[in-house]
Amino acid sequence: MQQSIDTVTLTEEQRDCYQELTNVAMGQAADRLARLLDAYVVLPIPKVSLIDIEDLRSIIESTNDDESVSAVCQGFIGAGIAGEALLLFNDTSFTDLARLTRYEEELTHQTQLELLMDVSSLLIGACIQGIGEQLEIHFNQGHPVVLGQHCNVDQVLKSGNQQWRRTLAIEIHYTLETVNVNCELLLLFSEDSAERLNHIIEFLLD
Amino acid sequence: MTKPAIEINDIHWLMDILQNIDVGLIVLNRDYQIQLWNGFMESHSGLSPQSAKGQNLFELFPDIPSDWFRKKAEPVFQLKTRTFTIWEQRPYLFRFKNYRPITGRATFMYQNTSVIPLESVDKCVDHICVIIYDVTDMAVEHLDAKRLRQEAQSSKSPKQQSPVIPFADANQWNLSLEQSLDSADTSLLMLELRFATRPPSQSNYQPKIESLVSKRISASDTASWLSSYHIGLLLSHKDDQQSMDLISNLRSDLKGQFSNLDCPSLTAGISRSKDGFPNTQAWQKSAANQLRLQR
């Protein structure tokens, strides 16, 4: 692959366009979440930004807690655009989530995992498919992987193809009204995918 | 999205691919009746597509926890979303034998599954497709690495001379039970504690008893609380006499640890994997029956 010297850029126009795309997609996702949980989901404003590896490190580090499962990531790829979705929960959310999804058992490690998987399937799937539909890209999703418990941050970030410095990230912060549930959905695109996405966005803007 | 145009002739080789691809494919309708059962599923389950077709999934495979699976499948019907399950949640959806029965180290096939919606012409989702992936090698390696890490950590702490085996949680217990079911010789012991007087609070007696049991078992064994007064033990390669010895040792340990009045009595039921049980429920039931006879 050709090493490009210039890193990913993001103009104000492009940022607005991503924000609009995400708005539509996450609206669909929030609708599904609301129907699953039978609760009112507060629609947030997505944050589109370029993040560097240190930002990501601190995000993943915050999940690296032995006691609880708190993050799931899932890869997606379509039309040469690849990225990962990362769903993070804070621990206090689980008790309320369990009640909403009618998990009667005790809140163990296992139930937390079930909850995390249920919600991530919904949110990640809906968001990615929603964005894909608008860009006319069919995204394939890989299997979710649990982070936090089994991962060493340094290893994850050092290994393999982590040659990137700054890349495109879309952050969506979901909260539920009246209950204490909040989770963060992070869509990260690889550096070359971000460039490709920018091209597609340019077409839409013209 | 463009749909590839499929010629009628192409259907033949598409069907061939469906039959030969090394992942499990099942199509289910709204009533969870099987509509498609591919070659992978046929080979591993021993059920032909003819006999599987039209059958209710949960009736054909009573092992599958229907509440759990419905929770994963209903959003696919209702919300047209995909759902996924990974082996960390449940090791498998279908209990199949390991693909490598000779050199593979797991007794069963670990599975990841995806459930995807299938839209009909009127854009409704009347069918779902369940895709089953064999992830045994990955799971076994993962569990090995985890065990090694734990061993390395416990060897770092110098205080512990003889290794004390910590109690397993319910999840680990079920996994061990599954793994031992097909093993040549594992004894399942169900221990019951009975207090003559009003039982003390759980936090009072459980740690004491836990440390007594932990000292008596070896690294290849598993122990777990099944309820407040029941302990499950999985002992590998112990005959009945050895198991009985362990129990009588535990009884004398208890006497040393508790005062006369508070000392719980210990009863045990033993059931061995070599007797052959169809599933873990049956195995546990047999041990529970033995326990009842001993009372």
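Shown above is the structure to which this text applies.
Residues numbered from 1 in each chain as written. Chains lettered and ligands numbered in written order. Predicted model: local features only at pLDDT ≥ 70, side-chain atom pairs only at ≥ 80, totals over all residues. Heavy atoms only, no water.

### What about the overall build of chain B?
Tallying secondary structure elements over chain B gives ten helices and nine strands in all. For chain B, restricting intrachain contacts to residue pairs at least 6 apart in sequence, the fraction spanning at least 24 positions comes to 60%. In the structure as shown, chain B presents an accessible area of about 16,400 Å², 52% of it carried by carbon and sulfur atoms. (Helix = DSSP H or I, 4+ residues; strand = E, 2+ residues; numbered from the N terminus. Contact = heavy atoms within 4.5 Å. Areas by Shrake-Rupley, 256 points an atom, 1.4 Å probe, with all protein chains shown as cover.)

### Quick notes on the packing of helix α7 (residues 170–181) of chain B against helix α10 (residues 280–294) of chain B
Residue and element names in this part refer to chain B. Here α7 crosses α10 at 95°, and the two axes come no closer than 10 Å. If you check the angle between α7 and α10, you find them roughly perpendicular. Two secondary-structure elements touch here, α7 through Trp173, Leu177, Glu178, Ser180 and Leu181 and α10 through Thr280, Trp283 and Gln284. Here the contact of α7 with α10 is built from residues that sort into four nonpolar, three polar and one charged. (Axes fitted to C-alpha atoms, helices over the stretch in contact; angles between N-to-C directions. Parallel < 35°, antiparallel > 145°, perpendicular 65-115°, else oblique. Nonpolar A, V, L, I, M, F, W, Y, C, P; charged D, E, K, R; others polar.)

### What about the pairing of strand β3 (residues 71–78) of chain A?
All names here are of chain A. Counting buried positions along β3 yields six of eight residues, so the element is predominantly enclosed. When β3 meets strand β4 (residues 81–89), the two strands line up antiparallel, connected through eight bridges. Looking at β4, one finds that Gln74 is bridged to Ala85. Counted along the chain from β3 to the antiparallel partner β4, the turn is two residues long, and its residue Ala79 has a positive phi close to 50°. Bridge count for β3 against strand β6 (residues 145–147) is three bridges, and the pairing is antiparallel. Considered in β6, the bridge of Val72 is made with Val146. Relative to strand β5 (residues 140–141), β3 runs antiparallel, the two being bridged by two bridges. Each bridged residue has a counterpart across the sheet, and for Phe76 the counterpart in β5 is Gln141. (Buried < 20%, exposed > 50% of the residue type's maximum accessible area, 1.4 Å probe, protein only. Pairing = 2+ DSSP bridges.)

### Notes on the packing of aromatic side chains
Residues and elements named next belong to chain B. Per the counting criterion, the structure on display carries 15 aromatic pairs over all chains. When the ring of Tyr32 is compared with that of Phe77, the centres are 6.1 Å apart and the planes differ by 90°; the resulting orientation is edge-to-face. One end of the pair, Tyr32, is in the loop between β1 (24–29) and β2 (34–37); the other, Phe77, is in helix α5 (residues 66–79), and 45 residues separate them in sequence. Judged by relative accessible area, Phe77 falls into the buried class, the value being 3%. Ring geometry for Phe61 versus Phe94: centroids 4.8 Å apart, planes at 80°, classification edge-to-face. Highlighted residues: Phe61 in the loop between α4 (57–60) and α5 and Phe94 in the loop between β3 (83–85) and β4 (111–119), separated in sequence by 33 residues. Of the two residues examined, Phe61 and Phe94, each falls in the buried class. One aromatic cluster is present, formed by Tyr32, Phe58, Phe69 and Phe77 through successive ring pairs. Directly above the ring of Trp68 sits Arg90, whose terminal nitrogen or CZ lies 5.2 Å from the centroid. (Phe/Tyr/Trp six-rings, centres within 6.5 Å; stacked < 30°, edge-to-face > 60°. Lys NZ or Arg CZ within 6 Å of the ring centre and 35° of its normal.)

### Description of unusual backbone geometry
Residue and element names in this part refer to chain B. Positive phi outside glycine occurs at Tyr32, with the angle close to 60°. A positive phi angle, close to 70°, is found at Lys123, a residue other than glycine. Note that Lys123 resides in the loop between β4 and β5 (125–134).

### Remarks on the sheet that holds strand β6 (residues 186–194) of chain B
Residues and elements named next belong to chain B. Within the open sheet, the four strands sit side by side as β7-β8-β6-β9. Their pairing is antiparallel. Edge positions in the sheet fall to β7 (222–227) and β9 (265–272), since each of these pairs with one other strand and no more. With strand direction ignored, the average angle separating the axes of adjacent strands in the sheet is 25°. Along the sheet, α7 contacts β6, β7 and β8 (230–236); its crossing angle with β8, the most-contacted strand, is approximately 40°. Each of β6, β8 and β9 is contacted by helix α9 (residues 240–257), which is oriented at about 160° to β9, the strand it contacts most.

### A few points about the interface of chain A and chain B
Of the residues lining the interface, 25 residues belong to chain A; the matching set on chain B comes to 23 residues. Taken over both partners, the interface formed by chain A and chain B buries close to 2,100 Å², and the fraction arising from carbon and sulfur atoms is 54%. The interface formed by chain A and chain B holds two salt bridges in total. Among the ionic pairs, Glu114 of chain A bridges to Lys72 of chain B, the shortest N-O distance being 2.8 Å. For the side of chain A that touches chain B, the secondary-structure elements that each account for two or more residues are α1 (12–37), α4 (109–135) and β5 of chain A. Ranked by residue count, the leading element in the side of chain A that touches chain B is α4 of chain A, at nine residues. Grouping the amino acids of the side of chain A that touches chain B by side-chain chemistry returns eight nonpolar, eleven polar and six charged. (Buried area = accessible area lost by both parts, 1.4 Å probe. Salt bridge = Lys/Arg side-chain N within 4 Å of Asp/Glu carboxyl O.)

### Points about the pattern of salt bridges
What the rule picks out here adds up to 13 salt bridges over all chains. Salt-bridge contacts for Arg194 of chain B lead to Glu192 of chain B; the nearest nitrogen and oxygen are separated by 3.5 Å. A residue is classified by how much of its surface remains accessible, and Glu192 of chain B, at 7% relative accessible area, is buried. Bridged by salt links that share partners, the residues Glu114 and Asp118 of chain A together with Lys72 of chain B form one connected network.

### Remarks on the packing of α1 of chain A against α4 of chain A
When two helices pack together, their arrangement is given by the angle between their axes and by how far apart the axes lie. All names here are of chain A. Between α1 and α4, the shortest axis-to-axis distance is 8 Å and the interhelical angle comes to 150°. Two packed elements cross with a definite hand, and for α1 against α4 that hand is right-handed. For the pair α1 and α4, the contacting residues are Leu21, Val24, Ala25, Met26, Gln28, Ala29, Arg32, Leu33 and Leu36 in the first and Val119, Leu122, Leu123, Ala126, Cys127, Gly130, Ile131, Glu133, Gln134 and Leu135 in the second. Partitioning the contact of α1 with α4 into residue classes produces 14 nonpolar, three polar and two charged. (Left-handed = near helix turned anticlockwise from the far one by under 90°.)

### Here we look at the side chain of Thr113 of chain B
Its place among the elements puts Thr113 of chain B in strand β4. Overall, Thr113 of chain B belongs to the buried group, its relative accessible area being 2%. Reaching out from Thr113 of chain B, the side chain makes a polar contact with the side chain of Thr85 of chain B at a distance of 2.5 Å. Contact partners of Thr113 of chain B, with chain neighbours within four places excluded, come to His143 of chain A together with Thr83, Phe84, Thr85, Leu93, Ile131 and Ile132 of chain B. (Polar contact = N/O pair within 3.5 Å; in protein donor to acceptor, adjacent residues only side chain to side chain.)

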